[in-house]
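# Topology and contacts: notes
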Amino acid sequence: MALKNKLPCYVDGVFIDSQHYVNNINPVNGQVISQLCEATPELIDQAVKGAKAALKGPWSKMSVTQRCDLLHKVADRMIERQDEFIEAEIADTGKSLFQIENIDIPRGAANFKTFADMAKFHSGETFITETANGEKALNYTVNKPLGVVAVISPWNLPLLLATWKVAPALACGNCVILKPSEETSSTATLLAQVMDEVGVPKGVFNLILGRGSIVGDYLTGHSNVDAVTFTGASTTGQHIMKSVSQGVKPISFELGGKNSAIVFNDADLEKAITGVTRSTFTNCGQVCLCTEKVFVHRDIAQAFIHGLKLAASKIKIGYPKEEGVFLGPLVSKAHQEKVLSYYQLAKDEGAEFIYGGGVPNFGDERDNGSYIEPTIITGLDDDSRVNQEEIFGPICHISVFDDEDEVINRANTTDYGLAAAIWTENLSRAHRVAPQLDVGIVWINTWFLRDLRTAFGGVKLSGIGREGGQHSMSFYSEPVNICIKI
Ligand SMILES: NC(=O)c1ccc[n+]([C@@H]2O[C@H](COP(=O)([O-])OP(=O)(O)OC[C@H]3O[C@@H](n4cnc5c(N)ncnc54)[C@H](O)[C@@H]3O)[C@@H](O)[C@H]2O)c1
Ligand SMILES: N/C(=C\C=C\C=O)C(=O)O
């Protein structure tokens, strides 16, 4: 069923128009493309009640194999409808067709396949116990679902990040209530259609739409929600933590970042330039893993800066489907204003602009969109606001360093701790430096190369917990130890 101009909620197996609307705007030209039906508290209560009931229905009676086969059907149907997912994601985000068809949409189906397969191998533990006084017992684990899981997802990789949590939550037998970002709800609505089409039992997957501060806040504070998994800004995470603390329930947070790329003088310079171009400007800098701070060794600084500036100048900015376009707009006017305020702050703090710093002038409808220039700056202190606060746009600051210990300390001097990239051809140095970085993820001579079985998450303001592979299976399950005297 093609998306019309109203995006409905999906509660207890029914698509519902709440009669309360929030405009959905295309960031390419600022036009209203649809309206999402914002969930009311009553509708959220109904979703939680339906999810609770579904835990006792056919879903809980399915074998792991039956449940995971159904999730494979979800993945297969997403692939059958991928053109609709691509169109919907482009309409909401304006990002390039290249990125959407190579990263965003394929990962939706991949997330379901990965965790459906992982669930089949999610084993417990068994111990034959012999106590000091000669008693014998058999101990074994049963993995049970948490119950009703609230999933709150962001706008930067909408389908990828919603399914990154929905898939393992369902694979572990939970019922889910997904609240996507109000900026990008279209692919989540298609996901609800897919769930309905393949026969996921009613109440197992629910979709409630609307503003985070209203709908998200009500959901995370709901006494009958058993767990909350959230991806978004650190400040929002802190708010959700307060909201959830009205009860005692598991939380998983993937939050903001202020990520460094460290380019040593023994790096392959061309690889490093290409890699840092990707890690800074991909998705218009709107990836939590993106580089915003580049530390380059003094010996190669001029050559690196020249190369990065040349690479940035070759980046094509334009319509999502335009041939060769790498950079689309930022997700919204509000976010464009936020990122531009940091460009202005950089000027005020005395930065030297090596490239960019403004807004492209197209002379057409795109001037009503939220485009921005890729930007490279230098000359600011490590403790400047621009170098300490997450900007979440296509900008990096370049600093020069002289030795390893210095750069490790400088890269760690941040309240965030999500990801880092190291560029060096010296393997000893790579393996020596990586563990010293206070982050959750380190890439060496690459960036955003993903194995979905690995631990994903950050430390400090970048999050709580890890998801990915068995880390997701553990978060979305409650192990019960059963001891039988023998
Ligand atoms: N660590 C990661 O994996 C990761 C991934 C993507 C984005 N992010 C971070 O997310 C931020 C950008 O995304 P964003 O602007 O959508 O983040 P955001 O925090 O504004 O919103 C994220 C989600 O939370 C909801 N929300 C907002 N306020 C809420 C509240 N009070 N209660 C409940 N829900 C609420 C929003 O509606 C949205 O669905 C950046 O800081 C980025 O670093 C982190
Ligand atoms: N969680 C993942 C990416 C997060 C990107 C942040 O913007 C992933 O690749 O699984």
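Preceding this paragraph is the structure being described.
Now for a description of the structure that goes with this document. (Residues numbered from 1 in each chain as written. Chains lettered and ligands numbered in written order. Predicted model: local features only at pLDDT ≥ 70, side-chain atom pairs only at ≥ 80, totals over all residues. Heavy atoms only, no water.)

### Concerning helix H6 (residues 158-171)
- For H6, with 14 residues, the first-to-last C-alpha span of 20 Å sits near the 20 Å given by 1.5 Å per residue.
- Among the 14 residues that make up H6, 14 are buried, leaving the element largely enclosed by the rest of the structure.
- Two residues or fewer after H6 comes glycine 173, characterised by a positive phi angle close to 90°. (Helix = DSSP H or I, 4+ residues; strand = E, 2+ residues; numbered from the N terminus. Expected span 1.5 Å × (residues − 1). Buried < 20%, exposed > 50% of the residue type's maximum accessible area, 1.4 Å probe, protein only.)

### Focus: the pattern of salt bridges
- Here the structure, examined in full by the defined rule, presents 28 salt bridges.
- For glutamate 38, the salt bridge goes to arginine 211, with nearest N and O atoms at 2.6 Å. Taken as a pair, glutamate 38 in the loop between strand S5 (31-37) and helix H1 (41-54) and arginine 211 in the loop between strand S10 (205-207) and helix H8 (212-220) lie far apart in primary sequence, 173 residues in all.
- On the accessibility criterion, glutamate 38 (7% relative accessible area) is buried.
- For arginine 211, a relative accessible area of 36% corresponds to the partly exposed category.
- Among the ionic pairs, arginine 432 bridges to glutamate 404, the shortest N-O distance being 2.7 Å. One end of the pair, arginine 432, is in helix H15 (residues 427-433); the other, glutamate 404, is in helix H14 (residues 404-412), and 28 residues separate them in sequence. (Salt bridge = Lys/Arg side-chain N within 4 Å of Asp/Glu carboxyl O.)

### Here's the deal with the packing of helix H5 (residues 97-120) against H6
- Two numbers describe how H5 lies on H6: the axes approach to 8 Å, and their chain directions differ by 10°. The pairing of H5 with H6 is recorded here as roughly parallel in orientation. Considering how the two elements wind past one another, H5 and H6 form a crossing that is right-handed. Across the interface between the two elements, Ile103, Asp104, Ile105, Arg107, Gly108, Asn111, Phe112, Phe115, Ala116 and Ala119 of H5 pack against Pro158, Leu159, Leu160, Thr163, Trp164, Val166, Ala167, Pro168, Leu170 and Ala171 of H6.
- Across the contact of H5 with H6, the residue classes tally to 15 nonpolar, three polar and two charged. (Axes fitted to C-alpha atoms, helices over the stretch in contact; angles between N-to-C directions. Parallel < 35°, antiparallel > 145°, perpendicular 65-115°, else oblique. Left-handed = near helix turned anticlockwise from the far one by under 90°. Contact = heavy atoms within 4.5 Å. Nonpolar A, V, L, I, M, F, W, Y, C, P; charged D, E, K, R; others polar.)

### Digging into the sheet that holds S5
- Taken together, the three strands give an open sheet; going across it, the order is S1-S5-S4, and neighbouring strands pair in mixed fashion. If you trace the sheet from one side to the other, it starts and ends with strand S1 (6-7) and strand S4 (21-26), each paired once.
- In this structure, S4 lies alongside S5, joined through six bridges in antiparallel fashion. Looking at the pairing, asparagine 26 lines up with glutamine 31 of S5. (Pairing = 2+ DSSP bridges.)

Coordinates in, geometry out; function isn't part of it.
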